[in-house]
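Descriptive analysis of the structure
Next come the chains, spelled out residue by residue.
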Amino acid sequence: MKKMCSLIMSILLIAMFSIPAGAIETNLTQEEAREAQIQRYAYMDMEKASSADREKILKAREEIIYHSGGWYSRKAGALSAQEIDENFQVIRELPEFYELFPEDWDVPCSNIEVDSPSTDLDLRTLMLDGVAKVTPLQIINYNADTYLYNPSDASITGAFCTFSTHRGTGTPRVRAQAQRLYNSASYNIGFTNADNGLDVTYDENLPAGTGIQMTIPSYIWRLGVRASTYSRPGNALMYVDSVYFDGP
């Protein structure tokens, strides 16, 4: 009997480790198979890839980049960035882009499209015109309902607001947050360098009241603010400002 049991166990073990690789792959869920394909393409050598595969590589890398939990890019113009709460207190530091991704990966870049031309602000004109809500220390104060769409696979979400920074004294920071989400469970937010199209800072799956801030160089350049949601689309009360702090 013992010999028979041993024989049966041996047969079972041989059968277990003799399962073809293809048979194991067929047991993957659709989502697991998709994730495996994304990983395979994302880490391929771009220079050795065929022209057909290069587009797939870029798409796979963007999929990973925009689902990585947030980052900022020095290459695009940020000096540092943080996730903030409703009182603008720091929740956590965001990592620099290349702390998360290989050096041969490019920071995402797109053509800036403003969803609402009325929110494209020339801050130098506003300051000269003496608009009450714009002061030498507070450069922009955007506070309005903005519709959040689901991200598109075909293109990067357009900016709902663009503005120019301004020279001043102190440390310049820009901040953006959804003060209220009317329909969505969470939202995604990012700053884009409107002069060259590079994404500067990005964070995802944030609840209402939280947002991002980043420290930027003290020279004039244009920034676009983008927001979207992975949950139910709808309006959000978005707040954006840019201020100079006396401290670091």
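Residues numbered from 1 in each chain as written. Predicted model: local features only at pLDDT ≥ 70, side-chain atom pairs only at ≥ 80, totals over all residues. Heavy atoms only, no water.

A few points about the overall build of the protein chain
This is how the line gets drawn: Every helix listed is a DSSP run of H or I at least four residues long, and every strand listed is a run of E at least two residues long, numbered separately from the N terminus. It only takes one pair of heavy atoms within 4.5 Å for two residues to be counted as in contact. Note on areas: Shrake-Rupley, 1.4 Å probe, and residue coverage restricted to the protein chains presented here.
Secondary structure assignment for the protein chain yields 6 helices and 11 strands. Restricting the contact set of the protein chain to residue pairs at least 6 apart, pairs at least 24 apart contribute 75%. With an accessible surface of roughly 13800 Å², the protein chain has 54% of that area assigned to carbon and sulfur atoms.

Description of the packing of aromatic side chains
Selection criterion: Stacked, tilted and edge-to-face pairs are distinguished by plane angle, under 30 degrees for stacked and over 60 for edge-to-face with tilted covering the rest, among Phe, Tyr and Trp rings (Trp via its six-membered ring) whose centres lie within 6.5 Å. Relative accessible area decides the class of each residue, using a 1.4 Å probe on protein chains only: under 20% of the type maximum gives buried, over 50% gives exposed, and in between gives partly exposed.
All chains considered together, the criterion is met by 10 aromatic pairs. Pairing Y66 with Y202 gives two aromatic rings, centres 5.1 Å apart and planes at 75°, and the pair type is edge-to-face. Residue Y66 is located in the loop between helix 4 (51-65) and strand 1 (71-72), and its partner Y202 is located in strand 8 (residues 199-206); the two are separated by 136 residues in the primary sequence. Comparing Y66 with Y202 shows no difference in burial state: the two are buried.

Focus on the pairing of strand 2 (residues 80-84)
What counts here: Two strands make a pair as long as DSSP finds a minimum of two bridges between them.
Counting buried residues along strand 2, 4 of its 5 residues qualify, which places the element largely inside the surrounding structure. By the bridge criterion, 5 bridges tie strand 2 to strand 9 (residues 211-215) in an arrangement that is antiparallel. The residue of strand 9 that forms the bridge with S80 is T215. Pairing of strand 2 with strand 3 (residues 90-93), which is carried by 3 bridges, proceeds in the antiparallel orientation. Counted as the bridge partner of Q82 is E93 from strand 3. In textbook terms, the turn of a hairpin is the stretch between consecutive antiparallel strands, and for strand 2 and strand 3 this stretch comprises 5 residues, one of which, F88, has a positive phi near 65°.

Some details on the nonpolar core
Cut-off, in case you're wondering: In these notes, a set of buried Ala, Val, Leu, Ile, Met, Phe, Trp, Tyr and Cys residues joined through side-chain atoms within 4.5 Å is what counts as a nonpolar core.
Formed by 45 residues in total, the largest nonpolar core has its most connected members in F160, I189, M214, V225 and M238. Leave out the neighbours within four places in its chain, and I189 touches F160, A176, T201, Y202, D203, L206, I212, V225, R226, A227 and M238.

Topic: the confidence of the model for the protein chain
When pLDDT drops low, the exact placement of atoms in the prediction is not to be read closely. How we decide: The quantity called pLDDT is the predictor's confidence in a given residue, expressed from 0 to 100.
Across the protein chain, the average pLDDT comes to 79, with 71% of residues at or above 70. Of the regions scoring below 50 in pLDDT, residues 2-25 engages in 1 contact with residues more than four places distant in sequence or in other chains. In this model, residues 114-137 is a region of pLDDT below 50 whose contacts with residues beyond four sequence positions or in other chains number 36 contacts.

Some details on the pattern of salt bridges
Put simply, the test is: Salt bridges are defined by distance alone: a side-chain nitrogen of Lys or Arg within 4 Å of a carboxyl oxygen of Asp or Glu.
Across all of its chains, the model carries 6 salt bridges by this definition. Put simply, E83 and R92 hold a salt bridge, and the shortest N to O gap is 3.0 Å. A salt bridge links D199 to R226, with the nearest nitrogen and oxygen atoms 2.8 Å apart. Residue D199 is located in strand 8, and its partner R226 is located in strand 10 (residues 222-228); the two are separated by 27 residues in the primary sequence. According to the relative accessible area criterion, D199 is buried, its value standing at 0%. Look at R226 and you get buried, because its relative accessible area is 9%. Each member of the salt-bridge network shares a partner with another, and the members are E31, R34 and E63.

A look at unusual backbone geometry
Of note, the phi angle at F88 is positive, near 65°, even though the residue is not glycine. You can see F88 is positioned in the loop between strand 2 and strand 3. Given a relative accessible area of 25%, F88 falls into the partly exposed group. For N205, which is not glycine, the phi torsion reads 55° and is therefore positive. Mapped onto the elements, N205 comes out in strand 8. For N205, a relative accessible area of 44% translates into the label partly exposed.

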